[in-house]
Amino acid sequence: NAGVTQTPKFQVLKTGQSMTLQCAQDMNHEYMSWYRQDPGMGLRLIHYSVGAGITDQGEVPNGYNVSRSTTEDFPLRLLSAAPSQTSVYFCASSYSKGLGEYFGPGTRLTVT
Amino acid sequence: AQSVSQHNHHVILSEAASLELGCNYSYGGTVNLFWYVQYPGQHLQLLLKYFSGDPLVKGIKGFEAEFIKSKFSFNLRKPSVQWSDTAEYFCAVTGGGSQGNLIFGKGTKLSVKP
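Below is a short write-up of the structure. Given the structure is predicted, the values throughout are model-derived calculations rather than measurements.

With that settled, consider the state of the cysteines. Joining two cysteines, a disulfide is a covalent bond between their sulfur atoms. All told, the structure shown has 2 disulfides over all chains when counted by the stated rule. At a sulfur-sulfur separation of 1.8 Å, the disulfide partner of A:Cys23 is A:Cys91. Where A:Cys23 bonds to A:Cys91 through sulfur, the torsion about that S-S bond is close to -70°, and the disulfide is left-handed. Note that A:Cys23 is positioned in strand β3 (residues 19–25) and A:Cys91 in strand β9 (residues 87–94), a separation of 68 residues in sequence. When its relative accessible area of 2% is taken as the criterion, A:Cys23 is described as buried. B:Cys23 shares a disulfide with B:Cys91; S-S distance 1.9 Å. With the S-S dihedral at roughly -65°, the linkage between B:Cys23 and B:Cys91 falls on the left-handed side. Pair noted here: B:Cys23 is in the loop between β3 (19–21) and β4 (24–26) and B:Cys91 is in strand β10 (residues 87–95), with a separation of 68 residues, a long-range link. For the pair B:Cys23 and B:Cys91, one class covers both residues: buried.

The following block contains the structure:
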């Protein structure tokens, strides 16, 4: 199993640009989530999904969209990038909510 | 709202010293508790977890944690650290057992001097 994979690993955007961070898992996990990690802030939940077709907001959802058309994939879309979205983004998955998640390698995003 | 507090921002130890990292949470009901480790430049890995039963939980790499319900604490311990334990450690909690989302503490950076 590849586990949780994320692309790209690094990305630089200009303010106002949009992009999609890709996340995929091959463990047949129902629960998937996106976090952002900022220095001294820990990880904060952006959006999550408990299954295909079902998504919900986390703690810091503004400026981000998600969709879950398949069990495997959970892309995160930045609609109009802002410097405040400079962060490291981690995708994670689990068999079910609250059981402890497997994390992907992360995407380091810089918005200038 | 739930919160997780990790008392130490940065801990510096010499090899073979004992480690205890504090974690307290604010949630009065059933909780699932986790410790994650993030080695430099890497993603988070699960060290150990507690759902129910024996409050002393053993994890990977010689780590253990003790759940003390009356103190709302889940401290991480290791009797003798190694240089390779240098990493950032995150405590996390889901409130309501498996109902809640994972809430992370802000992390404790551990530096182990050889």
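With that settled, consider unusual backbone geometry. Residues A:Thr7 and A:Pro8 are joined by a peptide bond in cis, for which omega reads -10°. Secondary-structure assignment places A:Pro8 in the loop between β1 (4–7) and β2 (10–13). In this model, B:Ala16 sits at a positive phi of 80°, which is unusual for a non-glycine residue. Looking at where B:Ala16 falls in the secondary structure, it is placed in the loop between β2 (10–14) and β3. Residue classification places B:Ala16 among the exposed residues on the basis of a relative accessible area of 53%. A positive phi angle, near 50°, is found at B:Phe72, a position not held by glycine. Along the chain, the position of B:Phe72 falls in the loop between β8 (64–68) and β9 (73–78).

Looking now at the interface of chain B and chain A. Tallying the contact residues gives 20 residues for chain B and 18 residues for chain A. Summing both sides of the interface, chain B and chain A together bury roughly 1,500 Å²; the carbon and sulfur share of this comes to 56%. Considering only the side of chain B, the residues that lose the most area to chain A are B:His43, B:Asn101 and B:Phe104, jointly responsible for 31% of the buried surface there. If you look at where chain B meets chain A, you find 5 residue pairs in polar contact (both at pLDDT 80 or more). Going through the elements one at a time, β5 (31–38), β10 and β11 (102–104) of chain B are the ones with two or more residues in the side of chain B that touches chain A. Looking at which element gives the most residues to the side of chain B that touches chain A, the answer is β5(B), with 4 residues.

Each pocket or cavity is described by its volume, and for the largest pocket that value is around 650 Å³. Lining of the largest pocket is provided by 28 residues; of these, A:Gln37, A:Arg108, B:Gln38, B:Gly41 and B:Gln42 occupy positions nearest its centre. Those elements giving two or more residues to the lining of the largest pocket turn out to be β4 (31–38), β9 and β11 (107–111) of chain A together with β10 and β12 (108–113) of chain B. If one sorts the elements of the lining of the largest pocket by residue count, β10(B) sits on top with 3 residues. Lining the second largest pocket are 15 residues, with A:Leu43, A:Arg44, A:Glu59, B:Ile103 and B:Phe104 positioned closest to its centre. Of all the elements in the fold, those that place two or more residues in the lining of the second largest pocket are β5 (42–51) of chain A together with β1 (3–5) and β11 of chain B. Here the lining of the second largest pocket is built from residues that sort into 7 nonpolar, 5 polar and 3 charged.

In this section: the side chain of A:Ser49. All names here are of chain A. Looking at the element boundaries, Ser49 is found in strand β5. One polar contact links the side chain of Ser49 to the main-chain carbonyl oxygen of Ile54, over a distance of 2.5 Å. Polar side-chain contacts of Ser49 include one of 2.7 Å to the side chain of Arg68. Non-local contacts of Ser49, meaning those with residues more than four positions away in its chain, are made with Glu30, Tyr31, Met32, Ile54, Thr55, Arg68 and Phe74.

Moving on, we get to the pattern of salt bridges. For the structure shown, the criterion picks out 6 salt bridges over all chains. A salt bridge links A:Arg44 to A:Asp38; the shortest N-O distance between them is 2.8 Å. The burial state of A:Arg44 is the same as that of A:Asp38; both residues are buried. Notably, a salt bridge pairs B:Glu66 with B:Arg77, separated by 3.2 Å at the nearest N-O pair. In this pair, B:Glu66 sits in strand β8 while B:Arg77 sits in strand β9, placing the two residues 11 residues apart along the sequence. Classification of B:Glu66 by relative accessible area gives partly exposed; the value is 28%.

Calculation rules
- Residues numbered from 1 in each chain as written.
- Chains lettered and ligands numbered in written order.
- Predicted model: local features only at pLDDT ≥ 70, side-chain atom pairs only at ≥ 80, totals over all residues.
- Heavy atoms only, no water.
- Disulfide = S-S within 2.5 Å.
- Helix = DSSP H or I, 4+ residues; strand = E, 2+ residues; numbered from the N terminus.
- Buried < 20%, exposed > 50% of the residue type's maximum accessible area, 1.4 Å probe, protein only.
- Contact = heavy atoms within 4.5 Å.
- Buried area = accessible area lost by both parts, 1.4 Å probe.
- Polar contact = N/O pair within 3.5 Å; in protein donor to acceptor, adjacent residues only side chain to side chain.
- 1 Å grid on protein atoms, 1.4 Å probe; cavity = no way out; pocket = protein on both sides within 12 Å on 5 of 7 lines; lining within 4 Å.
- Points joined across faces, edges and corners; volume = space filled by probe spheres on them.
- Nonpolar A, V, L, I, M, F, W, Y, C, P; charged D, E, K, R; others polar.
- Salt bridge = Lys/Arg side-chain N within 4 Å of Asp/Glu carboxyl O.

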